[in-house]
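The lines below spell out each chain.
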Amino acid sequence: MGRNHRFPWASVLAIMVLAMAASQCTPSAPQRSTGGGAVQSDVAVAAQKTYVPPGDLDQYYMFSSGGHSGQVYVYGVPSMRHLSTIPVFTPYPATGYGFDDDSKKMLGDLDWGDAHHPALSETKGDYDGRWLFINEMNGRIARIDLRDFKTKQILGPVPNLHGNHGSSFVTPNTEYAMMATRFSRPVPQRPVSIDRYATDYKGIVAGVKIDPQSGEMSLGWEILMPPFDYDIGDAGKLASDGWMFFTSYNTERATGKLEVTASQRDRDYIAAVDWRAAEKAIAAGQGEMIGGVRVLDPAKVPGLVFLLPCGKSPHGVDVSPDGNWIIGSGKLQGVTTAFNFEKVQTAIRNKDFTGEEDGIPVLKYESIKDAEVPVGLGPLHTQFGPDGFAYTSLFLDSAIAKWKLGTWEVVDKVPMSYNIGHLAAAEGDTVSPDGNFLVGLNKLSHGRHLSVGPSQPESSQLVDISEEKMKLLYDAFTEPEPHYAQIIKADKIKTIEVYPKEENTHPLAVWDVNDAGVTRNGNRVTVKMVAVRSSFAPTSFEVNRGDVVTIAVTNIEQTTDELHGLGLLDYNINIVVDPGETKTVTFTADKPGVFAFYCTNFCSALHQEMQGYMIAK
Amino acid sequence: MQGSSTRRFLDQPIDRWARLMLVAAVGLLVVTYFFPLWNMTMFAPQYRDGLRLDIYSYTLAGGNGGQDITEINVLNHYIGMHELTNASFAEFQWMPFVVGTLGLLVLRAAVHATVASSLDVTMLFVYFGAFSLWSFGYKLYQYGHNLAPDAAVKVQPFMPPMFGYRQIANFEVYSYPRAGTYAMVGVILLLLGSLGWTWWRLRREATAPAVAAG
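Residues numbered from 1 in each chain as written. Chains lettered and ligands numbered in written order. Predicted model: local features only at pLDDT ≥ 70, side-chain atom pairs only at ≥ 80, totals over all residues.

Engineer: Honestly, the overall build of chain A in this entry has me stumped. Any pointers?
Structural biologist: Scanning chain A from N- to C-terminus turns up eight helices and 42 strands. When the backbone C-alpha atoms are referred to their principal axes, chain A occupies close to 100 × 85 × 55 Å. For chain A, the residues scored as buried account for 51% of the 617 residues in total. Long-range contacts, defined here as pairs at least 24 residues apart, represent 59% of the contacts in chain A between residues at least 6 apart. (Helix = DSSP H or I, 4+ residues; strand = E, 2+ residues; numbered from the N terminus. Buried ≥ 20, exposed ≤ 12 C-beta atoms within 10 Å, placed from the backbone. Contact = placed C-beta atoms within 7 Å.)

So this is what it looks like as C-alpha cells:
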C-alpha cells in the first residue's frame with residue numbers, strides 16, 4: 001500500500017538544507033570599530049580605576065538630572081554609586097518631601113516637573129560648591145543648597161515663558177540663571193489660532209537674578225524672541241563673559257508634524273544674548289510690562305540679540321574653557337561647528353549681516369565660523385578637558401568623539417551603549433576642566449543589565465579620559481532621565497550633617513520634652529512635639545472632628561544620621577525630620593477614631609516602641 | 001629631744017629654692033583651670049570617632065562641641081542611668097574655690113617661708129587630692145549602680161572604669177587622667193620636693209660643722 005505515493009523525503013531534506021544554508025547567509029552584527037556595538041572594557045584597568053574600597057570616599061560628586069522623575073540624583077565618581085536623591089519638583093516619601101507644610105507650599109499646584117539641566121553655582125567661571133540650580137519644563141527653576149543638599153526655593157512658573165527647556169545655565173559669577181522657551185505661545189498668554197503661529201506666537205528668554213549672598217532667585221527680565229524652539233544654552237566665559245548662547249530649532253516657524261516641518265532649513269540659529277545689555281536696558285526703564293514682567297523687544301533694543309546660523313536643528317551649544325569658541329552641534333548633521341567669538345564681535349561691529357528675524361540681525365555664517373569638525377553623526381553636546389581637547393556626544397553613531405580645539409582634528413572615538421545624549425566631564429564646562437573622568441548619559445540601555453522587564457533604566461557610562469585613548473570603565477544604570485549632569489570635585493562641597501540647635505528659629509520648635517504639648521485656639525489645634533530616641537512627646541493627643549491640626553515635630557537630636565519620621569496612619573501624613581530640624585504638617589481631622597503615629601525612619605534599638613495615638617472625637 | 005628637734009625643724013625658714021618650688025606649684029595650680037582633670041572616651045561600631053567626656057574642676061565638657069554629652073545621656077537613658085549634668089556634680093561648686101584657696105595658702109607659705117606653713121598646705125593638698133579621687137570614684141559608682149528601676153534595658157549594676165579600659169555592652173570605655181590631674185600631681189611633687197629640699201639642706205647644714213670639727 002502507498003508504495004506508488006511515497007512521501008518526498010528527499011525534497012524535504014533538500015529544502016531544509018537550503019534553508020539552513022540561507023539562514024547562515026543572513027547578516028550578523030557588524031564588527032565596527034566605532035558605533036553601536038556592545039562594548040566591554042579592560043577589566044583589570046577598569047576595576048582599579050573605579051573601585052572605591054568600603055569606607056573610602058569618591059573623588060567627585062555627580063549631580064544628575066532626574067528628568068521627568070522631577071528629582072536630582074547624586075552619584076559618587078568614579079564608583080558611580082548612587083549616594084542620595086534630592087527631591088525637587090516631585091514629592092519623595094523617603095524624605096517626607098512634599099508632605100510637610102513648607103515643601104508642599106514650595107511645590108504649589110504642580111507636584112510634577114520635568115527636570116533637565118543642573119547648574120552648579122560658579123565664581124569666576126569655576127564651580128564654587130554653594131548651590132545647584134535646576135530647571136523644569138513648567139517654567140520653573142529650583143535652587144538646592146549644597147550645605148544640606150535640600151531644595152530651598154522654587155521660582156515660577158514664570159509668566160510668558162512656556163516649556164522651560166533652555167535652562168538653567170548660570171553666568172560665570174552666578175549673576176543669573178537662564179530660562180528659555182521651548183514651546184512658543186502667544187505673549188501675553190491668550191487663545192490664538194495655530195494658523196497665526198509664525199506671527200503671534202513668541203519665544204521668551206528670561207534672566208533669573210540670583211542674590212550673591214543668599215542665592216535667592218528673582219525674575220530679572222525677559223526678552224521677546226521669534227517663535228522658535230529654544231533648546232539648550234551656555235554662558236560665555238572669560239573672553240565671551242557677558243554673553244549667553246541659546247540654540248534654537250524650528251526657525252521655519254512651522255506647526256504640525258515638526259519632525260518634518262521643522263527640519264527643512266539647512267541652518268537654524270544660535271541666539272547670542274548680551275545679558276549685560278539686557279540688565280542695562282531694564283535699569284534704564286526700557287521694555288514693556290507683560291504679565292507682570294518687564295519684557296524687552298530686541299527690535300527696539302539694538303545690540304541685545306544676534307543670531308548665528310548653525311546647521312541643522314542644533315541641540316547643544318558649549319563655550320570652550322577660554323571663552324573663545326562657541327561649539328554648536330546640529331543634531332541632523334555629521335559635523336559640529338566652532339564659532340569664533342572674536343569673529344562674532346567683528347561681524348557685529350561691521351554689520352556683517354545676511355538678514356534679520358523680527359528685527360534681530362542674522363550674522364554671516366562664513367564670517368564667524370572657524371571650523372566644521374567632522375565628529376560623526378548626530379552630534380549633540382560638547383564638554384572639555386584641561387588640555388585643549390573637546391568631547392562631543394554622537395547620538396546616532398552612539399559614541400563620543402575626542403577632538404582638538406584649534407587644529408579641529410578628531411583623534412579618538414569610544415562607543416557608547418546606547419544613544420548618548422548629554423555627557424559630563426569632570427568640571428568639563430568650567431574655565432578649568434579637570435579631565436580624568438567623563439560620564440556618557442545614554443538614552444537607551446537595551447538590556448545591558450539583568451532584565452527588569454520593559455521599563456528599562458537609562459545607562460550612564462564612566463569613561464577614563466586621563467590618557468590619549470578614551471577607555472570605557474563602568475556601566476551604571478541610572479534613574480530616568482539623566483538629561484544633563486555636572487561633576488564637581490568632592491572637596492569643593494562643605495556640608496553640615498546636623499542642623500545646629502542655635503540655627504533653629506522655627507516658631508513652633510520645642511527642645512525640651514516639658515515644653516511639648518497641645519494648644520487649642522478655636523478649632524485650630526497645634527501639637528508641639530519632640531522626637532528623640534526613642535519616643536515622641538506627647539505620646540498621644542486628642543482632637544475634635546473637623547479641627548485643623550498642625551503637628552510640629554522637632555527632632556532634638558544633634559547626632560549625625562539620627563533622623564526621625566512621623567507617619568500618621570490613614571491620614572496620608574509622612575514627614576521626616578533631620579537632627580535639629582522642625583517640620584510642620586497641617587491637616588483637617590475629618591476622620592473620627594483612633595489613629596496611630598509612629599517613627600518611620602529607623603532610629604534606635606527601641607525604634608519600634610517610638611509610637612503614639614491621635615484620638616479624633 | 002625628738003619633739004623639740006621636730007619643732008625646731010618646723011620653725012626653720014625655707015630658702016629661695018624651696019620658695020621657688022612653691023611658686024611653681026601655684027603656677028601649675030593655675031594650669032589645672034585650663035585643662036581637663038579626667039577624660040572618658042567611649043568607642044562603639046557606630047561611634048568610630050568615640051564619644052568624649054572631659055571633666056574639669058568646674059564643668060563637664062563633651063567632645064564634638066558638647067554634643068557627645070547629649071549623646072551619652074541619650075544612650076544612658078536606655079539603661080536608666082542618671083543624666084550627666086553640671087547640676088548633679090556638687091564638686092563643681094566648691095572645687096575651683098578650694099583649688100584657689102589652696103593656691104593662696106601655697107603662696108602664703110612661700111611668703112612666710114617657714115617649714116610649718118609649707119608642711120600645712122602640703123598636708124591639706126594631699127588630703128584634698130585623696131578626697132577628690134575618692135569622690136570621683138564614688139560618683140562613678142553611684143552612676144553605675146543607681147539605675148532607674150523602670151529602665152528599658154536592665155543591666156547589672158557596674159563600676160565604670162576610673163583608670164584604664166573596660167567593655168560595657170557594645171562600648172569600649174577608656175578612662176584616664178588628663179593634663180589637669182598631671183598638673184595636680186606636679187603640684188604635690190613640688191610641695192613635697194620643697195619640703196624634701198629643706199629637710200636635706202637643714203640636715204647637711206646641721207652635720208657640716210660636725211664633720212669640720214671632726
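The structure having been displayed, the exposition proceeds.
Engineer: Help me understand the packing of helix H4 (residues 91-112) of chain B against helix H5 (residues 115-145) of chain B, please; the structure alone is not making it clear to me.
Structural biologist: Residue and element names in this part refer to chain B. At their nearest, the axes of H4 and H5 sit 9 Å apart, and the two run at 160° to each other. In terms of orientation, H4 and H5 fall into the roughly antiparallel class. Along this stretch, H4 crosses H5, giving a crossing that reads as left-handed. On the side of H4, the interface is formed by Glu91, Val98, Leu102, Leu105, Val106, Arg108, Ala109 and His112, while H5 contributes Ser117, Ser118, Val121, Leu124, Phe125, Phe128 and Ser135. (Axes fitted to C-alpha atoms, helices over the stretch in contact; angles between N-to-C directions. Parallel < 35°, antiparallel > 145°, perpendicular 65-115°, else oblique. Left-handed = near helix turned anticlockwise from the far one by under 90°.)

Engineer: What am I meant to see in the nonpolar core here?
Structural biologist: Generally speaking, nonpolar side chains in soluble globular proteins are found buried as a group. Residue and element names in this part refer to chain A. Counting residues in each nonpolar core, the largest one holds 128 residues, and the members touching the most others are Ala177, Val208, Val273, Leu308, Ile400 and Ile487. Per element, the largest residue contribution to this core is six residues, and it comes from strand E11 (residues 217-225). In contact with Leu308, other than residues within four places in its own chain, are Tyr269, Ile270, Ala272, Phe339, Val344, Leu363 and Ile368. Counting residues in hydrophobic clusters, the runner-up holds 31 residues, among them Phe536, Ile573, Ile575 and Cys603. (Core = buried A, V, L, I, M, F, W, Y, C linked by C-beta atoms within 7 Å.)

Engineer: Honestly, H4(B) in this entry has me stumped. Any pointers?
Structural biologist: Counting along an α-helix, one turn takes 3.6 residues, and residues three or four places apart therefore face a common direction. All names here are of chain B. Taking 1.5 Å of rise per residue, the 22 residues of H4 would be expected to cover 32 Å, and the 30 Å separating its terminal C-alpha atoms lies within 8% of that figure. Turning to H4, the residues buried within the fold contact helix H2 (16-31) and H5. Residue Ala113 follows H4 closely and has a positive phi angle near 60°. (Expected span 1.5 Å × (residues − 1).)

Engineer: Which parts of the structure should I look at to understand the pairing of strand E41 (residues 593-598) of chain A?
Structural biologist: Consecutive residues of a regular strand have side chains that alternate between opposite faces of the sheet. Residue and element names in this part refer to chain A. Bridge count for strand E38 (residues 564-568) against E41 is two bridges, and the pairing is antiparallel. Looking across to E41, one finds that Leu568 is bridged to Phe597. When E41 meets strand E42 (residues 611-616), the two strands line up antiparallel, connected through six bridges. Looking across to E42, one finds that Phe595 is bridged to Met614. (Pairing = 2+ DSSP bridges.)

Engineer: What am I meant to see in the sheet that holds strand E26 (residues 399-404) of chain A here?
Structural biologist: Through backbone hydrogen bonds, the strands of a sheet pair up, either in parallel or in antiparallel fashion. Residue and element names in this part refer to chain A. The strand order E24-E25-E26-E27 describes an open sheet built from four strands, whose pairing is antiparallel. The outermost strands of the open sheet, each flanked by one partner alone, are strand E24 (379-384) and strand E27 (410-415). For this sheet, the mean inter-axis angle between neighbouring strands, taken without regard to orientation, is 25°.

Engineer: Looking at this structure, I do not really get the interface of chain B and chain A. What am I missing?
Structural biologist: Note on interface size: it is often stated as the accessible area lost on association of the parts. Contacts between the two partners involve five residues from chain B and, on the opposite side, five residues from chain A. Classifying every residue of the side of chain B that touches chain A by side-chain character gives two nonpolar, two polar and one charged. (Nonpolar A, V, L, I, M, F, W, Y, C, P; charged D, E, K, R; others polar.)

Engineer: Can you help me understand the domain arrangement of chain A in this one?
Structural biologist: Residues and elements named next belong to chain A. Examined at the domain level, chain A breaks down into domain 1 (60-447 + 455-492) and domain 2 (501-616). Its C-alpha centre places domain 1 at a distance of 42 Å from the equivalent point of domain 2. If you look at the interface, domain 1 gives six residues, while domain 2 gives nine residues. The residue makeup of the side of domain 1 that touches domain 2, split by class, is two nonpolar, two polar and two charged. (Domains from an automatic or database assignment.)

Engineer: Help me out: how do you make sense of the environment of Val344(A) in this one?
Structural biologist: Residue and element names in this part refer to chain A. Positionally, Val344 belongs in helix H7 (residues 341-349). Its 24 C-beta neighbours within 10 Å are what place Val344 among the buried residues. C-alpha of Val344 to C-alpha of Lys300: the two residues are 44 residues apart in sequence and 21 Å apart in space. Ignoring sequence-local partners within four residues, the contact set of Val344 consists of Ala272, Leu308, Phe339, Leu363 and Ile368.

Engineer: What exactly am I supposed to notice about the pairing of strand E4 (residues 119-123) of chain A here?
Structural biologist: Residue and element names in this part refer to chain A. Counted residue by residue, E4 has four buried out of five residues, so it is predominantly covered. When E4 meets strand E5 (residues 126-136), the two strands line up antiparallel, connected through four bridges. Paired with Glu122 across the two strands is Tyr127, which belongs to E5. Between E4 and E5, which pair antiparallel and follow one another directly, the connecting turn spans two residues, one of which, Lys124, has a positive phi of 50°.

Engineer: It is not clear to me how the confidence of the model for chain A should be interpreted in this structure. Could you clarify?
Structural biologist: Note: predicted coordinates in regions of low pLDDT should not be interpreted at a detailed level. For chain A, the mean per-residue pLDDT works out to 94, and 94% of the residues sit at or above 70. Predicted confidence is poor over residues 32-37 of chain A, with pLDDT under 50, and the contacts of this stretch with residues over four places away or in other chains come to 13 contacts. (pLDDT = per-residue confidence, 0-100.)

Engineer: Mind showing me how you'd approach the sheet that holds strand E30 (residues 458-464) of chain A here?
Structural biologist: Residues and elements named next belong to chain A. Spatial strand order, E28-E29-E30-E31: four strands in an open sheet with antiparallel pairing. Edge positions in the sheet fall to strand E28 (420-425) and strand E31 (471-478), since each of these pairs with one other strand and no more. Going from strand to strand, the sheet's axes swing by 20° on average, the running direction of each strand aside. In the sheet, E28 pairs with strand E29 (residues 437-442) via four bridges, with the strands oriented antiparallel. Looking at the pairing, Ala424 lines up with Val439 of E29. Across the face of the sheet, helix H2 (residues 43-50) comes into contact with E30 and E31 while running at roughly 60° to E31.

Engineer: Got a minute to help me understand the packing of H2(B) against H4(B) in this structure?
Structural biologist: A pair of packed helices can be characterised by two numbers: the angle between their axes and the separation between those axes. All names here are of chain B. Running from N to C, H2 and H4 cross one another at 165°; their axes reach a closest spacing of 9 Å. Classed by the angle they form, the pair H2 and H4 counts as roughly antiparallel. Crossing geometry of H2 relative to H4 is assigned as left-handed. Within the contact between the two elements, H2 uses Arg19, Leu22, Val23, Ala25, Val26 and Leu29 and H4 uses Val99, Leu102, Gly103, Val106, Leu107, Ala109 and Ala110. When its residues are assigned to classes, the contact of H2 with H4 shows eleven nonpolar, one polar and one charged.

Engineer: Just to check I follow, could you spell out the confidence of the model for chain B for this structure?
Structural biologist: Taken residue by residue, chain B gives an average pLDDT of 90. The fraction at 70 or more is 94%. Per the prediction output, this complex has pTM 0.88; the corresponding ipTM is 0.76.

Engineer: Any chance you could explain helix H3 (residues 67-77) of chain B here in plain terms?
Structural biologist: Within the span of H3(B), buried status applies to Gln67(B), Asp68(B), Ile69(B), Thr70(B), Glu71(B), Ile72(B) and Leu75(B). Along its buried surface, H3(B) packs onto strand E2 (47-55) and strand E3 (60-62) of chain B.

Engineer: Sorry, what's going on with unusual backbone geometry here?
Structural biologist: Trans peptide bonds make up most of the peptide bonds, and negative phi angles are found at most residues other than glycine. All names here are of chain A. Of note, the bond from Ser167 into Ser168 is cis; its omega dihedral lies within 30 degrees of zero at 10°. Secondary-structure assignment places Ser168 in the loop between strand E7 (150-155) and strand E8 (176-180). Omega for the peptide link from Arg533 to Ser534 comes to -10°, which places this bond in the cis form. Secondary-structure assignment places Ser534 in the loop between strand E34 (524-532) and strand E35 (535-537). Located in the positive-phi region is Lys124, a residue other than glycine, with phi close to 50°.

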